[in-house]
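Read off the chains here:
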Amino acid sequence: MSVATLSRRLFVQSLGVVLATFALPSPSVFGQTPANVPFSLRNNRRLEGWIRLEADETVTVFTGKAELGQGILTALAQIAAEELDIGFDKIRMVSADTSRGPDEQYTFGSQSVEQSGAAIRVAGAEARGLLLAAAARRFGVRAEDLQVKDGAIASADGRRATFWEIAKESAGLLGDIALAATPKKPSDYAIVGKSIRRIDLPGKLTGAPSYVQDMRLPGMVFARVVRPPRYGARLLECDEAAVRALPGVITVIRDGNFLVVAAGREEQAIAARSALATSAHWSDDTVALPDMTHLRTELQKLRAETIVVGTAGQSEPVSGQVRRVSAEYARAYVSHATIGPSCAVAWLRDGRMTVWSHTQGAFPLRGDLAKVLGLQTSEVDVVHMPGAGCYGHNGADDVALDAALVARAVPGVPVKLQWMRDDEFAWAPFGPAMAMKVEAALGSDGRIVDWSCDVWSNSHAMRPGQAGGVNLLAAWDLKTPFVKTPAPHIPQPFGDGDRNAVPSYELPRKEIRNHLLLDAPVRNGSFRTLGSHGNIFAIESFMDELAQVAGSDPLAFRLAHLRDPRARAVLQAAADKAGWTPGMKGDGQRGRGLAFCRYKSIGMYAAAVVDVEVDRNSGLIKVPRVVMVADLGLVVNPDGATNQLEGGIVQAVSLTLKEQVTFDRREITSRDWSGYPVLAFPEVPSVEIVLMQRNDPSLGAGEGSLPPTSAALANAFAQATGRRLRELPMTPERVKASLS
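Remember, predicted model here, so these are calculated numbers, not experimental data.

Cut-off values and rules
Residues numbered from 1 in each chain as written. Predicted model: local features only at pLDDT ≥ 70, side-chain atom pairs only at ≥ 80, totals over all residues. Heavy atoms only, no water. Helix = DSSP H or I, 4+ residues; strand = E, 2+ residues; numbered from the N terminus. Rg over C-alpha atoms; globule rule 2.2 N^0.38 Å. Buried < 20%, exposed > 50% of the residue type's maximum accessible area, 1.4 Å probe, protein only. Contact = heavy atoms within 4.5 Å. pLDDT = per-residue confidence, 0-100. Salt bridge = Lys/Arg side-chain N within 4 Å of Asp/Glu carboxyl O. UniProt positions renumbered as here; feature names shortened; annotations may be inferred. Pairing = 2+ DSSP bridges. Axes fitted to C-alpha atoms, helices over the stretch in contact; angles between N-to-C directions. Domains from an automatic or database assignment. Buried area = accessible area lost by both parts, 1.4 Å probe. Polar contact = N/O pair within 3.5 Å; in protein donor to acceptor, adjacent residues only side chain to side chain. Disulfide = S-S within 2.5 Å. Right-handed = clockwise from strand over helix to strand, strands pointing away. Expected span 1.5 Å × (residues − 1).

1. Quick word on the overall build of the protein
Then comes step 1: Along the protein, the regular secondary structure elements total 19 helices and 26 strands.
Then comes step 2: Relative to the globule expectation of 27 Å for 740 residues, the C-alpha radius of gyration of the protein, 27 Å, shows essentially globular dimensions.
Then comes step 3: Each of the three principal axes of the protein carries a C-alpha extent, and together these read 80 × 75 × 50 Å.
Then comes step 4: Each of the 740 residues in the protein was classed as buried or not, and the buried ones make up 59%.
Then comes step 5: For the protein, contacts bridging at least 24 residues in sequence account for 77% of all contacts bridging at least 6.

2. Overview of the confidence of the model for the protein
Then comes step 1: On average, residues of the protein score 93 in pLDDT, and 95% of them are at 70 or above.
Then comes step 2: When the criterion is pLDDT under 50, residues 4–32 qualifies, and its contacts beyond four places in sequence or with other chains add up to 51 contacts.

3. Topic: the pattern of salt bridges
Then comes step 1: In total, this model carries 50 salt bridges according to the counting rule given.
Then comes step 2: Salt-bridge contacts for Arg 138 lead to Glu 169; the nearest nitrogen and oxygen are separated by 3.2 Å. Separated by 31 residues along the polypeptide, Arg 138 in helix H4 (residues 112–139) and Glu 169 in helix H5 (residues 163–169) bring together distant segments of the chain.
Then comes step 3: For Glu 169, a relative accessible area of 53% puts it in the exposed group.

4. Things to note about the UniProt feature "domain: Aldehyde oxidase/xanthine dehydrogenase a/b hammerhead" (unreviewed entry) in the protein
Then comes step 1: Under the present numbering, the feature "domain: Aldehyde oxidase/xanthine dehydrogenase a/b hammerhead" (unreviewed entry) in UniProt falls on residues 206–286.
Then comes step 2: Between the C-alpha atoms that bound residues 206–286 there is a distance of 45 Å. The span itself is 25% helix and 30% strand.

5. Here's the deal with the sheet that holds strand E17 (residues 380–384)
Then comes step 1: In space, the 7 strands of this open sheet follow the order E10-E11-E8-E18-E15-E16-E17, with mixed pairing throughout. The open sheet has two edge strands with one neighbour each: strand E10 (249–255) and E17. Averaged over all adjacent pairs, the angle separating strand axes in this sheet is 20°, with direction ignored.
Then comes step 2: As paired elements, E10 and strand E11 (residues 258–263) share 6 bridges and run antiparallel to each other. Paired with Val 249 across the two strands is Ala 263, which belongs to E11.

6. Focus on the domain arrangement of the protein
Then comes step 1: Each assigned domain of the protein is listed here: domain 1 (39–199), domain 2 (214–284 + 337–428) and domain 3 (431–461 + 496–739).
Then comes step 2: Put simply, the middle of domain 2 and the middle of domain 3, counted by C-alpha atoms, are 37 Å apart.
Then comes step 3: Taken over both partners, the interface formed by domain 2 and domain 3 buries close to 1,500 Å², and the fraction arising from carbon and sulfur atoms is 51%.
Then comes step 4: Of all residues in domain 2, Tyr 231, Tyr 391 and Phe 425 give up the largest surface area on contact with domain 3, accounting jointly for 39% of the area buried on that side.

7. Quick look at the side chain of Ser 452
Then comes step 1: With respect to the helices and strands, Ser 452 occurs in strand E20 (residues 448–457).
Then comes step 2: For Ser 452, the side chain forms a polar contact with the side chain of Arg 513, separated by 2.6 Å.
Then comes step 3: In contact with Ser 452, other than residues within four places in its own chain, are Lys 437, Val 438, Glu 439, Glu 511 and Arg 513.

8. Concerning the pairing of strand E14 (residues 323–331)
Then comes step 1: Both E14 and strand E19 (residues 434–442) contribute to a ladder of 9 bridges, which runs antiparallel. Residue pairing for E19: Ala 327 is matched across the bridge by Val 438.
Then comes step 2: One ladder, built from 2 bridges, connects E14 with strand E26 (residues 727–728); its direction is parallel. Across the sheet, Arg 331 pairs through a bridge with Leu 728, a residue of E26.

9. Regarding the state of the cysteines
Disulfide: a covalent bond connecting the sulfur atoms of a pair of cysteines.
Then comes step 1: This structure, assessed with the given rule, holds 0 disulfides.
Then comes step 2: In this model Cys 343 remains outside any disulfide bridge; the closest cysteine sulfur is found in Cys 390, 11 Å from its own.
Then comes step 3: For Cys 343, a relative accessible area of 0% translates into the label buried.

10. Notes on the pairing of strand E3 (residues 59–63)
Then comes step 1: Summarising burial for E3: 5 of the 5 residues are buried, a large majority.
Then comes step 2: What you see with E3 is no split at all: Val 59, Val 61 and Thr 63 on one side and Thr 60 and Phe 62 on the other are buried throughout.
Then comes step 3: Counting the residues in the hairpin turn of strand E2 (residues 51–53) and E3 gives 5 residues, including Glu 57, whose phi is positive at 60°.
Then comes step 4: Bridge count for E3 against strand E4 (residues 91–95) is 5 bridges, and the pairing is parallel. Counterpart to Val 59 in the pairing with E4 is Ile 91.
Then comes step 5: Handedness of the crossover joining E3 and E4 through helix H3 (residues 72–84) is recorded here as right-handed.

11. Notes on helix H11 (residues 396–409)
Then comes step 1: Between its terminal C-alpha atoms H11 stretches 21 Å, which fits the 20 Å expected from 14 residues at 1.5 Å a residue.
Then comes step 2: The buried fraction of H11 is high, at 12 of 14 residues.
Then comes step 3: Among the residues making up H11, those that are buried are Ala 396, Asp 397, Asp 398, Val 399, Ala 400, Leu 401, Asp 402, Ala 403, Ala 404, Leu 405, Val 406 and Ala 407.

12. Examining the sheet that holds strand E5 (residues 147–149)
Then comes step 1: One open sheet holds the 3 strands; their spatial order is E5-E6-E7, and the pairing between them is antiparallel. Only two strands of the sheet have a single neighbouring strand rather than two, namely E5 and strand E7 (160–162). The mean inter-strand angle of the sheet, taken between neighbouring strand axes irrespective of direction, is 25°.
Then comes step 2: Pairing geometry for E5 and strand E6 (residues 152–154), over 3 bridges, is antiparallel. Paired with Val 148 across the two strands is Ile 153, which belongs to E6.
Then comes step 3: On top of the sheet, H4 reaches E5, E6 and E7; it is set at about 40° to E6, its chief contact.

Here is the structure:
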């Protein structure tokens with residue numbers, strides 16, 4: 001099995017593939033979609049849009065999901081091989097390519113196995129069924145009397161034919177998927193459920209060209225962009241002539257506040273960018289930024305649209321004697337801190353724009369690019385290429401437009417445009433800051449009888465491809481600018497800033513309000529888990545605070561408010577694995593905390609137990625051990641799923657202890673790694689993962705480990721020191737202040 005590898009030949013070849021293997025479904029399909037059709041099949045019903053038999057006796061499988069380092073192509077290949085009954089090594093994966101794959105919109109929300117996996121499972125079963133039926137006709141036997149192994153069909157009397165031989169004699173794998181074949185039962189799996197090695201890793205580990213940053217095309221030129229010093233600043237003047245005279249410079253483009261230079265070699269482009277930036281004069285205009293030292297209260301001053309997103313029992317008053325408890329929490333703006341600055345390659349040939357991008361939404365990006373470039377959507381192709389250390393809504397989509405604007409100015413010439421480090425930290429969308437206020441009442445029996453929660457946050461969903469505008473940075477800077485898309489309304493249970501704001505606990509009376517902030521002084525976008533990270537930090541911290549008031553152990557208190565047996569199982573299993581001791585107290589330096597989350601209220605279950613050691617003099621917190629038990633439903637690749645959980649845990653520790661975007665009242669000040677520190681290798685904790693064994697539908701593994709890890713870490717600090725930190729990150733300054 002393999003994934004497309006980077007080579008000049010491949011890139012050139014891909015230009016010639018234009019809707020040759022993927023066709024939109026007929027209109028009748030849209031109107032007759034039964035409810036049991038997998039989500040990704042509903043608008044992508046053509047079988048040849050998912051699976052194609054190749055002349056070299058391999059099988060190409062198309063997915064609209066992108067490989068971001070999460071190992072999704074390996075898992076999807078396992079599903080395809082399983083349902084087709086062919087060897088894993090015969091599968092070739094093609095991901096997120098508008099010229100030859102299904103439109104699955106975005107790769108986000110831990111939904112790739114759930115959505116694309118379900119579609120490929122059905123498509124694979126359908127393809128296998130069609131080939132079996134054709135073989136049955138050839139042999140004059142019943143299809144159920146045939147045996148399939150590694151792509152070969154055999155009859156009881158010894159006759160044999162491969163899938164590829166059968167396909168040549170029949171109609172092949174064409175037409176709408178009729179859902180006529182039943183996928184295998186989990187008990188029959190031979191490939192799914194096995195820890196097969198990741199197909200995307202060998203190139204990345206050996207330094208082979210693997211990322212869009214590695215791309216080289218014949219005649220390629222290199223470009224760099226010059227951004228304003230701050231939000232709101234306008235370009236007044238710059239010395240274009242002097243920069244054009246520099247060695248290797250091919251063009252300087254100035255369009256409104258969009259300023260970019262292209263040169264024959266990359267180092268020439270970097271030098272020209274520096275000269276252009278030095279010569280540029282910008283207006284003193286600015287967008288007033290909030291006071292980051294009082295972020296929690298500052299957010300609550302912004303204009304907001306308030307929506308009740310969860311309610312129960314409000315018609316009945318709280319009865320009996322109760323004790324009321326309240327607390328407020330906050331999370332800072334956070335950066336994706338992409339290891340390789342965002343990069344794209346664009347090439348305008350014969351009126352057709354092709355863009356290679358590490359976007360998470362190839363089709364939505366294609367639409368917004370076409371709008372800005374003044375092209376038809378059909379005249380633009382977006383091909384996903386992994387970005388180094390890239391995930392989430394970072395600068396991937398923005399730099400794709402930057403590159404395309406340069407390519408439009410030099411038609412026929414491939415253009416590679418990569419952001420510099422300060423571009424990435426200052427201009428990529430941030431994970432929004434959040435403020436949460438929680439209030440609850442405890443009855444005389446120590447149980448929660450009332451719960452109230454308010455969440456203040458900007459939209460976490462400002463990707464390209466949404467209605468009402470264009471969400472691409474350069475589009476707002478052009479002389480004739482495009483308007484920004486208004487914040488969408490994403491209902492529960494997926495939610496936006498309110499994701500996981502509705503607790504999974506059994507609460508007889510509750511009301512949860514989401515205050516969607518309409519003013520956005522800092523640019524926001526989708527960061528891992530959207531609002532779930534901040535909301536679970538608040539909810540699970542508050543559950544510990546309530547347990548303390550109730551005189552209850554945190555584990556027992558949570559179990560007393562959980563009815564879902566799968567939720568109870570992961571919590572108890574995590575406590576058992578970690579050696580949780582009810583009533584255990586911290587010693588002032590060492591502590592242990594736990595937390596639970598059912599991601600998006602409908603996704604994976606996860607419970608974390610975190611140990612901490614607090615240096616009371618330096619304020620540094622060390623995390624020696626994290627235990628996590630997760631219920632992911634059916635696990636396609638246990639090693640891959642474990643990798644996902646481990647990565648989320650490490651990132652959560654980094655977010656909790658270190659990460660925050662800094663700014664003064666005029667501009668972003670964290671523009672390099674010294675200004676935005678992240679967890680270093682010596683600080684990575686020992687991580688122990690337990691996966692619950694289940695055959696229920698897959699629930700996703702990508703993001704759900706972050707929220708409970710951060711909350712458990714905060715609870716461990718509180719248990720160790722007897723003090724509670726309610727704002728993230730838990731920096732040494734905040735730790736020392738809390739202990740003073």
